[in-house]
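# Observations on the three-dimensional arrangement
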Amino acid sequence: MTYTDTADTDAAGTDPAGTDGYVPSQRRIDRERFKRTRARRAAAVAALSTLVTGVVLFLVITNSPGWPRTRETFFSAEYARKALPKVLEGLLLNLRLLVVCGAAVLVIGLLLAIARTLRGPVFFPLRALATAYTDFFRGLPLIICLLMVVFGVPALRLQGVTTDPVVLGGSALVLTYSAYVAEVFRAGIESVHPSQRAAARSLGLSSGQALRYVVLPQAIRRVVPPLLNDLVSLQKDTGLVSIAGAVDAVYAAQIIAGKDFNYTPYVVAGLVFVALTIPMTRFTDWVTARMDRRRAQGGTV
């Protein structure tokens with residue numbers, strides 16, 4: 001059914017022009033114009049308030065008594081140009097750690113979550129071990145876990161066990177983040193309604209098949225946004241492997257800063273991590289908004 005303005009129709013109610021097009025009423029036109037005006041006003045106010053805030057912060061910082069010394073020590077263009085190539089070279093190690101550790105964390109976290117959701121008394125030891133693991137490593141600070149693994153494992157002098165700081169540091173990251181990711185997966189599995197599992201069993205699927213083909217696909221789809229957030233955090237924490245002596249972006253900045261006691265390389269390394277993290281964060285926000293829209297429209301279970 002189409003609507004036309006009364007001026008475009010004859011007495012019989014037909015459209016003599018043959019357009020069959022929708023002509024909005026004057027009230028709708030005024031309402032749309034008001035919405036556009038309000039949106040432009042809100043954007044102008046936001047831009048003005050942001051500009052004022054930025055100017056105030058700039059004046060407060062630059063007029064502080066210690067600003068000249070701070071600018072020389074933390075924001076030196078000369079040291080920034082000197083540090084950037086080395087920091088980018090060390091960043092490659094952080095990216096490799098992100099890929100390898102991220103894959104290991106997803107696999108181990110999913111296995112831990114499945115172990116914690118197994119039913120039946122025969123699986124109680126497995127559930128208890130998985131619970132103890134997640135509770136311990138979620139409560140243990142990452143920095144302490146790194147120190148214990150990096151310095152504790154070589155002290156044992158075990159035959160065949162590596163003392164590579166990159167491998168040990170990556171192992172500590174996997175140990176800690178697997179516990180967090182396991183809880184994310186477990187929350188997704190438990191969010192699937194029991195009727196889904198019951199329906200799968202009624203169709204003749206075994207418990208394992210119901211978990212694999214019915215429960216896990218829904219659970220993983222629901223927890224994609226928090227998983228991406230954990231990967232963003234993992235990307236930042238790969239810089240902690242510098243504690244073990246691995247020459248990543250942070251340690252490369254530390255080497256340069258230690259020569260002349262100028263801390264601009266740390267600022268450069270921080271900005272590089274921020275530049276790497278922002279796209280991942282925006283992608284996470286986009287995925288979250290997309291899934292929310294699909295869920296609101298009934299596109300996902």
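Here we summarise the structure given alongside this text. These numbers were taken from a predicted model, which means no experiment stands behind them. (Residues numbered from 1 in each chain as written. Predicted model: local features only at pLDDT ≥ 70, side-chain atom pairs only at ≥ 80, totals over all residues. Heavy atoms only, no water.)

### Remarks on the packing of aromatic side chains
By the definition in use, this model includes 7 aromatic pairs. Aromatic pair Trp-67 and Phe-75: ring centres 6.0 Å apart, planes at 40 degrees, arrangement tilted. According to the relative accessible area criterion, Phe-75 is partly exposed, its value standing at 48%. Here Tyr-177 and Tyr-180 contribute two aromatic rings whose centre-to-centre distance is 6.3 Å and whose plane-to-plane angle is 55 degrees, an arrangement assigned as tilted. Here Tyr-180 and Tyr-177 lie together in helix α6 (residues 165–191), a separation of 3 residues that amounts to about one turn. According to the relative accessible area criterion, Tyr-177 is buried, its value standing at 7%. You can call Tyr-180 partly exposed: its relative accessible area is 34%. Here the aromatic residues Phe-74, Tyr-263 and Tyr-266 are joined through ring pairs into a cluster of three or more. (Phe/Tyr/Trp six-rings, centres within 6.5 Å; stacked < 30°, edge-to-face > 60°. Buried < 20%, exposed > 50% of the residue type's maximum accessible area, 1.4 Å probe, protein only. Helix = DSSP H or I, 4+ residues; strand = E, 2+ residues; numbered from the N terminus.)

### Brief notes about the nonpolar core
Among the nonpolar cores identified, the biggest contains 40 residues, and Phe-137, Cys-145, Phe-185, Ile-189, Leu-227 and Leu-234 are the most heavily contacted of them. Elements with a contribution of two residues or more to this core: α3 (77–117), α4 (124–139), α5 (142–156), α6, α8 (207–222) and α9 (224–237). With 11 residues, the single largest contributor to this core is α6. Discounting chain neighbours no more than four positions away, the residues touching Phe-137 are Cys-145, Leu-175, Thr-176, Ala-179 and Tyr-180. Listed in part, the 10 residues of the second largest apolar core include Ala-249, Ala-253, Val-268 and Phe-273. (Core = buried A, V, L, I, M, F, W, Y, C linked by side-chain atoms within 4.5 Å. Contact = heavy atoms within 4.5 Å.)

### What about a positive patch on the surface?
A grouping of Arg-27, Arg-28, Arg-31, Lys-35, Arg-38 and Arg-41 is seen on the molecular surface, where their side chains present a positively charged patch. Inspection of the secondary structure puts Arg-28 in helix α1 (residues 26–62). Classification of Arg-28 as partly exposed rests on a relative accessible area of 35%. (Patch = residues over 30% accessible without salt bridge, like charges linked within 9 Å, V, L, I, M, F, W, Y side chains within 5 Å. Areas by Shrake-Rupley, 256 points an atom, 1.4 Å probe, with all protein chains shown as cover. Salt bridge = Lys/Arg side-chain N within 4 Å of Asp/Glu carboxyl O. Lys, Arg positive; Asp, Glu negative; His and termini not counted. Charge placed at Lys NZ, Arg CZ, Asp CG, Glu CD.)

### Describing the environment of Val-272
Within the fold, Val-272 resides in helix α11 (residues 264–296). Residues Val-272 and Leu-84 lie 188 residues apart in sequence; the distance between their C-alpha atoms is 8.9 Å. Discounting chain neighbours no more than four positions away, the residues touching Val-272 are Leu-84, Val-87, Leu-88 and Leu-91.

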